[in-house]
Number of protein chains: 4
Amino acid sequence: MAVTDLAKSRDFYRDAVGLVVTEETDDTVYMRGLEEAAHHSLVLEQSDTAQARRVGLRVRSDDDIRLAEKFFSDNNIEHQRVERAYQGATLQFRDPVGTLMELTSEMAVAPRRMQRYDEFKSGAPQRIDHFQVVTYDVRKATDFWTGLGMRMSEYTAEDGTDELWGSWMEIKGNTHDLVFTNGRGPRLHHFAFAVPDATSLIHAADVVGALGFGNEIDRGPGRHGISNALFLYLRDPDQHRVELFNTHYQFIDLETPPIRWDVTDPRRAQLWGMPASRRWFFEASEFPDEPVREPLLTANPDTLEDYLGIH
Amino acid sequence: MAVTDLAKSRDFYRDAVGLVVTEETDDTVYMRGLEEAAHHSLVLEQSDTAQARRVGLRVRSDDDIRLAEKFFSDNNIEHQRVERAYQGATLQFRDPVGTLMELTSEMAVAPRRMQRYDEFKSGAPQRIDHFQVVTYDVRKATDFWTGLGMRMSEYTAEDGTDELWGSWMEIKGNTHDLVFTNGRGPRLHHFAFAVPDATSLIHAADVVGALGFGNEIDRGPGRHGISNALFLYLRDPDQHRVELFNTHYQFIDLETPPIRWDVTDPRRAQLWGMPASRRWFFEASEFPDEPVREPLLTANPDTLEDYLGIH
Amino acid sequence: MAVTDLAKSRDFYRDAVGLVVTEETDDTVYMRGLEEAAHHSLVLEQSDTAQARRVGLRVRSDDDIRLAEKFFSDNNIEHQRVERAYQGATLQFRDPVGTLMELTSEMAVAPRRMQRYDEFKSGAPQRIDHFQVVTYDVRKATDFWTGLGMRMSEYTAEDGTDELWGSWMEIKGNTHDLVFTNGRGPRLHHFAFAVPDATSLIHAADVVGALGFGNEIDRGPGRHGISNALFLYLRDPDQHRVELFNTHYQFIDLETPPIRWDVTDPRRAQLWGMPASRRWFFEASEFPDEPVREPLLTANPDTLEDYLGIH
Amino acid sequence: MAVTDLAKSRDFYRDAVGLVVTEETDDTVYMRGLEEAAHHSLVLEQSDTAQARRVGLRVRSDDDIRLAEKFFSDNNIEHQRVERAYQGATLQFRDPVGTLMELTSEMAVAPRRMQRYDEFKSGAPQRIDHFQVVTYDVRKATDFWTGLGMRMSEYTAEDGTDELWGSWMEIKGNTHDLVFTNGRGPRLHHFAFAVPDATSLIHAADVVGALGFGNEIDRGPGRHGISNALFLYLRDPDQHRVELFNTHYQFIDLETPPIRWDVTDPRRAQLWGMPASRRWFFEASEFPDEPVREPLLTANPDTLEDYLGIH
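Residues numbered from 1 in each chain as written. Chains lettered and ligands numbered in written order. Predicted model: local features only at pLDDT ≥ 70, side-chain atom pairs only at ≥ 80, totals over all residues. Heavy atoms only, no water.

Chemist: Can you help me understand the relation of the copies chain D and chain A in this one?
Modeler: What connects the two chain copies is a rotation about an axis and a shift along it. Superposition record for chain D on chain A: RMSD 0.0 Å, screw rotation 180°, translation along axis 0.0 Å. In short, the pair behaves as if placed about a two-fold rotation axis. Ranked by how close their C-alpha atoms come to the rotation axis, the residues of chain D are headed by aspartate 197 of chain D, at 2.6 Å. The residues that chain D uses at the interface reappear at the interface of chain A in 100% of cases, marking a shared surface. (Least-squares fit on C-alpha atoms with pLDDT ≥ 70 in both. Contact = heavy atoms within 4.5 Å.)

Chemist: Could you clarify how one ought to interpret the relation of the copies chain B and chain C in this entry?
Modeler: Once turned by 180° and shifted 0.0 Å along the axis, chain B lies on chain C with an RMSD of 0.0 Å. By residue overlap, the copies meet face to face through one surface: 100% of the interface positions of chain B are interface positions in chain C.

Chemist: How do you make sense of the UniProt feature "domain: VOC" (unreviewed entry) in chain A when you look at a structure like this?
Modeler: Residues and elements named next belong to chain A. Per the UniProt record, the feature "domain: VOC" (unreviewed entry) sits at residues 1-106 and 127-247. For residues 1-106, the helix share is 24%, the strand share is 33%, and the end-to-end C-alpha distance is 20 Å. Each end of residues 127-247 is marked by a C-alpha atom, and these two atoms are 13 Å apart; helix forms 19% of the span and strand 45%. (UniProt positions renumbered as here; feature names shortened; annotations may be inferred. Helix = DSSP H or I, 4+ residues; strand = E, 2+ residues; numbered from the N terminus.)

Chemist: How should I be thinking about the environment of aspartate 64 of chain C in this particular structure?
Modeler: All names here are of chain C. You can see aspartate 64 is positioned in helix 2 (residues 62-74). By relative accessible area, which is 27% here, aspartate 64 ends up partly exposed. Among the polar contacts made by the side chain of aspartate 64, one reaches the main-chain amide nitrogen of arginine 60 at a distance of 3.1 Å. (Buried < 20%, exposed > 50% of the residue type's maximum accessible area, 1.4 Å probe, protein only. Polar contact = N/O pair within 3.5 Å; in protein donor to acceptor, adjacent residues only side chain to side chain.)

Chemist: Which parts of the structure should I look at to understand the packing of aromatic side chains?
Modeler: Aromatic rings considered in pairs are described by the distance between their centres and by the relative angle of their planes. All chains considered together, the criterion is met by 60 aromatic pairs over all chains. Their ring planes at 50° and their centres at 6.4 Å tell us that phenylalanine 281 of chain C and phenylalanine 282 of chain C sit as a pair that is tilted. The class of phenylalanine 281 of chain C is buried, set by a relative accessible area of 19%. Classification of phenylalanine 282 of chain C by relative accessible area gives partly exposed; the value is 40%. Ring centres of phenylalanine 93 of chain D and tryptophan 145 of chain D lie 6.0 Å apart, and the angle between their planes is 45°; on these two criteria the pair is classed as tilted. One end of the pair, phenylalanine 93 of chain D, is in strand 7 (residues 90-94); the other, tryptophan 145 of chain D, is in helix 3 (residues 138-147), with 52 residues separating them in the sequence. Side by side, phenylalanine 93 of chain D and tryptophan 145 of chain D carry an identical accessibility label, which is buried. The rings of Phe12, Tyr13, Phe191, Phe193 and Phe213 of chain A are connected pair by pair, giving a single aromatic cluster. Here the guanidinium or amino end of arginine 219 of chain A rests over the ring plane of tryptophan 280 of chain A, the centre of that ring lying 4.3 Å away. (Phe/Tyr/Trp six-rings, centres within 6.5 Å; stacked < 30°, edge-to-face > 60°. Lys NZ or Arg CZ within 6 Å of the ring centre and 35° of its normal.)

Printed below as a string of structure tokens:
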């Protein structure tokens with residue numbers, strides 16, 4: 001993430017969110033969750049402009065990097081090897097809807113901190129879990145990523161049509177690693193860290209409030225129907241959004257079908273409680289060098305609020 | 001509480017809130033919290049009109065009832081002894097702002113259910129804790145009740161004035177038994193049951209959602225600055241409001257001053273997160289035979305939303 | 001509490017238990033719970049010998065101190081006024097079973113820290129709740145304290161006799177402020193701080209473990225039948241014992257009878273799980289200048305383990 | 001699991017543990033966790049003798065079954081196709097240390113109940129997670145299973161030797177699917193279900209206590225050093241052992257080395273609190289038609305209790 005005040009952002013993610021600082025330089029801070037042995041799962045980079053610079057995913061080995069390279073070449077997808085500190089072979093590319101992605105096959109190992117309970121802060125985020133990207137074409141994004149091996153666990157669609165409004169896809173065995181939802185995009189809606197329990201979410205909210213960031217909760221605590229996640233969304237000092245959540249479910253067995261939600265069913269968005277704020281629905285972080293396009297699907301303006309679950 | 005569909009309301013308070021049914025007749029249901037040895041702390045009465053019939057408080061003994069009777073006579077406050085099933089000596093009166101009150105000195109004893117964990121439902125509410133009344137004159141209400149022996153633990157006031165906008169008063173040793181806030185009144189804003197922990201609140205919200213009442217949460221989960229309560233507010237089938245909450249604090253030592261909050265400080269209302277819904281601010285339950293009056297204090301219409309913390 | 005290494009004990013109570021340091025001098029550390037506005041609820045004093053120096057209770061006002069003084073004089077109970085920093089009128093006495101007590105009517109006010117969630121540590125103890133004293137004569141202790149106005153909420157007795165084995169007494173409206181149990185005494189078994197929820201207890205245990213004090217948990221987490229407390233007991237560096245607990249219940253209404261438990265019923269000690277360690281049963285902190293006497297009631301050696309619930 | 005009183009065991013797993021009954025016949029009960037879409041993850045079978053009949057693992061597809069069949073044939077491992085209701089292709093075999101295993105590639109789909117919060121009971125177990133088997137030869141078991149594709153996440157070994165005392169292996173991306181520990185075997189030590197949070201464990205213990213099974217907790221709540229699991233172990237009416245637990249960690253990245261624990265380090269067994277009961281250490285469920293052998297590794301009798309962490 002490109003941030004405009006590195007020290008301020010580091011403090012936010014360390015003290016208000018609870019991440020661990022693995023290492024910092026003049027212009028970069030490497031952070032990770034408490035249980036992570038990976039050197040970093042969040043990288044903050046000092047910049048003049050706040051942006052979502054890239055979305056990173058792990059692959060298992062160098063062979064996977066080479067297979068990806070071949071696939072991108074065969075399919076005329078622009079890509080390049082890049083050097084990244086503390087990472088093994090690293091490959092950058094844009095997916096067909098313009099999301100700037102980075103794959104790596106290895107990372108420097110750092111000690112897990114999950115048993116240093118005396119150092120836990122705020123929500124005690126354990127590990128990065130997933131990304132949500134707003135896109136102008138959910139169908140195109142979904143076809144690309146399922147073609148690469150991701151599997152759809154849940155999706156939203158409009159009654160009587162096959163149009164996809166949102167798509168939750170996974171590779172690691174629970175509900176989502178990568179989510180695309182309909183809207184002006186590409187923009188990064190949020191990245192999410194898993195926390196141990198509901199009390200962690202409440203404690204995170206309390207800490208955020210005590211630190212004076214109480215207004216930066218733009219949704220939650222609440223329960224999504226989709227994925228069953230108990231969630232809390234925070235805006236960082238550049239208005240990038242981070243989700244703390246838990247209780248999504250295991251999704252491994254191949255015979256289990258994805259769950260379909262009607263895009264007008266408010267329970268897909270929250271099983272209970274108050275709807276998201278407008279900020280949550282309409283604001284997201286742009287990627288560098290990639291124009292934001294209007295979505296292919298548009299809601300009837302008269303019923304927009306119903307679509308969104310805003311009452 | 002007067003309710004228009006007794007069975008439906010009983011089911012709501014038993015299954016969605018988690019109260020225990022002590023006893024029911026054709027037109028009345030007596031309920032209590034899990035740890036309560038008192039026969040009832042909530043009475044539902046079948047009626048054509050939904051209303052808050054009266055607010056009940058316990059006194060220690062018959063002597064207290066007699067002292068109250070004398071005090072009311074000496075001060076020309078209308079009052080009367082009434083007969084109530086399962087209650088000892090019972091005295092009804094209206095306080096100076098029209099709240100219909102009932103005091104009793106004794107109650108039939110029922111077995112505590114706090115160790116029947118296998119029967120816990122939803123939020124596992126343990127005991128009734130407090131009432132909040134909307135009144136047109138917070139100062140008058142406060143003077144009356146502190147004169148009767150209640151002690152103010154926290155209050156809201158306008159900067160530069162002594163006008164009281166809200167008053168939290170207690171007799172049992174924690175932050176509040178009776179709360180008055182400024183608005184059209186008298187109306188009962190809510191009654192509150194204490195739950196064991198934050199997880200109980202989240203589970204209550206989940207159960208409420210699973211039972212199809214998800215939209216009936218009109219505020220929370222959130223944390224009030226005032227009283228430090230972690231709260232969840234639900235509307236019952238007649239739109240009466242019940243709060244589930246925990247973590248207010250002990251308030252016994254006489255040298256501790258009450259906490260003052262500026263009525264325009266949004267942290268008084270929530271330390272974090274989204275503001276209350278309009279429903280929460282403006283809707284409440286009327287008392288029988290008591291006209292609702294406009295409040296003496298009125299906010300500048302231009303800044304109403306700021307006063308309320310609605311953004 | 002007299003401790004032999006003041007810095008070490010301060011660190012333990014601050015970092016492993018989670019108390020706040022109000023103030024420290026060369027030989028004394030004043031601590032309190034997060035929600036407490038009282039200057040101190042735990043005082044550590046540097047000493048050559050680890051001891052429980054005195055058990056402190058609050059009274060409401062100087063009048064109560066004077067009434068106590070008169071009562072002690074009338075009943076030939078040794079007592080004396082003492083000067084204590086940050087306390088108002090303070091009166092020391094020994095109860096009839098040798099417990100060294102201190103009453104005070106006022107205390108310097110310190111800011112409540114309950115909303116400084118960013119500073120919470122370990123179990124986030126909110127306030128001191130009660131003391132448990134091992135005594136050679138539970139009946140004598142109970143008669144004295146109920147005579148002073150305490151009320152018994154629960155007790156243990158032997159089947160077929162009226163012998164009291166343990167007595168839980170309260171003045172503040174929940175199950176216990178002062179507990180006496182049968183054994184070699186007087187010795188202070190533990191003092192207890194209330195925590196917000198079950199997760200606080202688990203987090204406290206995790207923090208204690210992370211700090212290397214894992215073996216100093218000598219009981220719990222578990223649930224007492226008596227008082228319904230969810231508990232965790234820790235030994236400090238001098239082997240003084242502190243309890244973190246929550247969920248005891250309100251006990252105000254005068255018509256509610258105390259609960260009787262048979263001293264041989266293992267559920268009185270734990271509703272579930274493994275019995276206490278021998279350390280928990282037999283070790284406690286001695287008071288200064290007071291000989292420890294053998295208990296009047298003794299269990300049949302053959303069934304001692306059954307009495308204790310050790311299996 | 002073979003049980004001697006089917007109705008009693010069903011009630012235990014439904015009411016005390018919180019599993020869902022998918023289906024029952026005269027002699028079989030099929031159960032699953034709340035989030036599971038698989039028809040069953042626990043099968044109870046009426047029998048004259050209590051036994052662990054087999055340990056089941058899922059494979060992805062029929063191809064995996066065929067590959068396994070070929071591997072077993074090539075390696076002279078006794079195996080057979082069996083017919084199981086509600087399962088696809090099913091293959092039974094004994095691993096080299098005598099554990100009776102069953103693989104299946106498909107299962108009938110049942111509705112997930114994870115959002116029926118109103119029906120949650122006790123610990124709200126979400127899904128089966130892992131099995132622990134006591135074996136006479138941990139090394140042999142480990143070599144076999146890692147050869148089949150499992151990966152070791154943690155292990156216990158004796159200082160100065162390479163002898164394996166315990167081995168935690170996984171395939172699904174967190175710490176363990178299959179655990180072998182040294183002792184008289186093969187015997188099934190326990191099977192484990194994941195619960196949502198720490199509060200679920202405490203509530204399960206409370207429910208178990210309320211139902212009169214409080215003594216059937218033979219360990220916990222506590223925190224294992226190994227795998228970081230917060231655990232509670234229960235014995236069913238036939239003394240089969242089930243674990244409820246949460247918070248083990250993600251284990252996917254190939255560069256992360258397994259964690260080594262010295263078998264004499266008590267923190268491997270519990271980061272805090274009291275040691276396991278003797279029942280927990282020495283009792284387990286036998287498999288049919290498979291003799292129990294003495295372990296190859298034996299602790300010095302003088303220090304057995306130290307090895308076990310019993311103090």
